[in-house]
Amino acid sequence: MNSNADRYIPSESRLFKPLRVGSFTLQNRIVFPPLTRLRSDDGHVPLPLMQKYYADRGSSPGTLVISEATAISHLEEGNWNNPGLVSDMQTEAWRKIIDAVHANGSFFFQQIWAMGRASNPDLLAARGFPYRSSSAVAMKGSAIVPKAMTENEILETIQDFVNTAKRAVSAGADGVEIHSAHGYLLDQFLTASVNQRTDKWGGSIENRARLTLEVVKAVVGAIGGERVAIRFSPYAGFQGSEKTDFRELYTYLITELKKMNVRFAYLSLVEATGDPGALIWNDKKIHQDKTLDFILEEWDNLSPVIVAGGYQPDTAARAVEEHYQKWDVMVAFGRHFIANPDLIFRIKNGIPLAQYNRPTFYNHKQWLGYNDYPFSQEFVEAHSHAVHPMIEQKEEAVVA
Ligand code: PHB
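Attention here is on the structure that accompanies the text. Just so it is clear, the structure is predicted and the values come from calculations on it, not from any experiment.

Glancing now at the packing of aromatic side chains. Any aromatic ring pair is given by two values, namely how distant the centres are and how the planes are angled relative to each other. Within this structure, the stated rule accounts for 21 aromatic pairs. Consider the rings of Trp-113 and Tyr-184, whose centres lie 4.3 Å apart with planes at 45°: the pair is tilted. Note that Trp-113 is positioned in strand β6 (residues 107–113) and Tyr-184 in the loop between β9 (175–179) and α5 (185–190), a separation of 71 residues in sequence. Owing to a relative accessible area of 11%, Tyr-184 belongs among the buried residues under this scheme. Note on Phe-232 and Tyr-250: the rings are 5.3 Å apart at their centroids and 65° apart in plane angle, and the pair reads as edge-to-face. Within this pair, whereas Phe-232 is found in strand β10 (residues 228–232), its partner Tyr-250 is found in helix α7 (residues 246–259), the two being separated by 18 residues in sequence. Both residues of the pair, Phe-232 and Tyr-250, count as buried.

The structure is reproduced here in structure tokens:
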């Protein structure tokens, strides 16, 4: 097939073909992916302004909205103003966000994580928490060496994933996405250069994969496989996550996931071009020859797959029509979704996208750069009969 992006009009492509995910049906295959935004309070409780932000991104009914990475324990709340889902207060704050997304007819998955050595060591020290990883291997450029986790700490971490997954479901989430990517804790076990353990949690591929697989198994046991998703970034180099044995490692992981005999909600994969490191360096050339195909072949349509990595509406349409034609693929749009709360409506109606402003992405606790990207005039006119209160909400009303 001729690979000319212009052949495909995004609004007429498979991007708008409904898709069954877990126990619900999406009306489009454009996903709002997990994005760190730092709008929780100093106790890692989501601020009310997050209700509008998430609801707006679910303003086209039947969209999959995934939360920013959310900590499974207070120890893993390793960066200022990122959220946790550990206490009752955090659960109630998430419940309001999830209710707001559901009120717009969309679906909500909670991405859950442990940060390990990617946490801020000063923040942990100030709270009396240990700075930990799979092994005592420092982050590049850091003089602070993490402590290798004990087996007990590993087992507690598995239980923390289970507890937070249960909390997410009790707060109304349609499921959870287990973050095993980008150099965070589970990935610190997967990566040979970071994990230098000599017990059953390190060494061989089987041992390095053990923690991710045990977490998935335990969470599936607690909330059911249809509510569970997993994220991997096989090519990322972010935070020391480069893997020379990626082909064998991810083939093993997928094979073992399939042996669990459950139909997971979805698998989320980051393209080589989606490496947060590559995005920061704006390097579009690296790894262009690396594809996710070996993983999709092995996964064999067990459930839908999300791909992420610098997609535009035209390249996403081409991807689902051509490269990923054999598979049920959804495409994530991160930065464009930040700047366009009505991204799906805009793509559907061929409305130009607003530009994002990177310097405000991580403004701690601020409305600015978060809830001040407007809906298109066309969206407002099309919905004037029934504007959801979330869309109208003003800053004064939500920031206490
Ligand atoms: C980040 O906060 O920079 C970040 C978090 C999660 C990711 C990637 C990047 O998966």
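Next comes the rest of the description.
This next bit is on unusual backbone geometry. Positive phi values are uncommon outside glycine, yet Gln-239 reaches one of about 55°. Residue position: Gln-239 is located in the loop between β10 and α7. The phi angle at Asn-301 is positive, at roughly 60°, despite the residue not being glycine. Locating Asn-301 in the fold gives a position in the loop between α9 (293–299) and β12 (305–308).

Bringing the site of the ligand into the picture now. The environment of the ligand is made up of Thr-36, Trp-113, His-179, His-182, Tyr-184, Phe-238 and Pro-276. In this structure, Thr-36 approaches the ligand through a side-chain N or O atom, which is 2.8 Å from an oxygen atom. Within the side chain of His-182, an N or O atom sits 2.5 Å from an oxygen atom of the ligand. A total of 280 Å² of accessible area belongs to the ligand in isolation, and the protein chains cover 79% of it. For the shell around the ligand, the per-class residue count stands at four nonpolar, three polar and no charged.

Per the counting criterion, the structure on display carries one cavity of 30 Å³ or more. There is about 30 Å³ of room inside the largest cavity. Around the largest cavity sit Leu-75, Glu-76, Gly-116, Ser-119, Leu-124, Pro-130 and Arg-132, which together line it.

Basis of the calculations
Residues numbered from 1 in each chain as written. Predicted model: local features only at pLDDT ≥ 70, side-chain atom pairs only at ≥ 80, totals over all residues. Heavy atoms only, no water. Phe/Tyr/Trp six-rings, centres within 6.5 Å; stacked < 30°, edge-to-face > 60°. Helix = DSSP H or I, 4+ residues; strand = E, 2+ residues; numbered from the N terminus. Buried < 20%, exposed > 50% of the residue type's maximum accessible area, 1.4 Å probe, protein only. Near = heavy atom within 4 Å. Polar contact = N/O pair within 3.5 Å; in protein donor to acceptor, adjacent residues only side chain to side chain. Areas by Shrake-Rupley, 256 points an atom, 1.4 Å probe, with all protein chains shown as cover. Nonpolar A, V, L, I, M, F, W, Y, C, P; charged D, E, K, R; others polar. 1 Å grid on protein atoms, 1.4 Å probe; cavity = no way out; pocket = protein on both sides within 12 Å on 5 of 7 lines; lining within 4 Å. Points joined across faces, edges and corners; volume = space filled by probe spheres on them.

The values reported here are purely geometric and, on their own, carry no functional implication.
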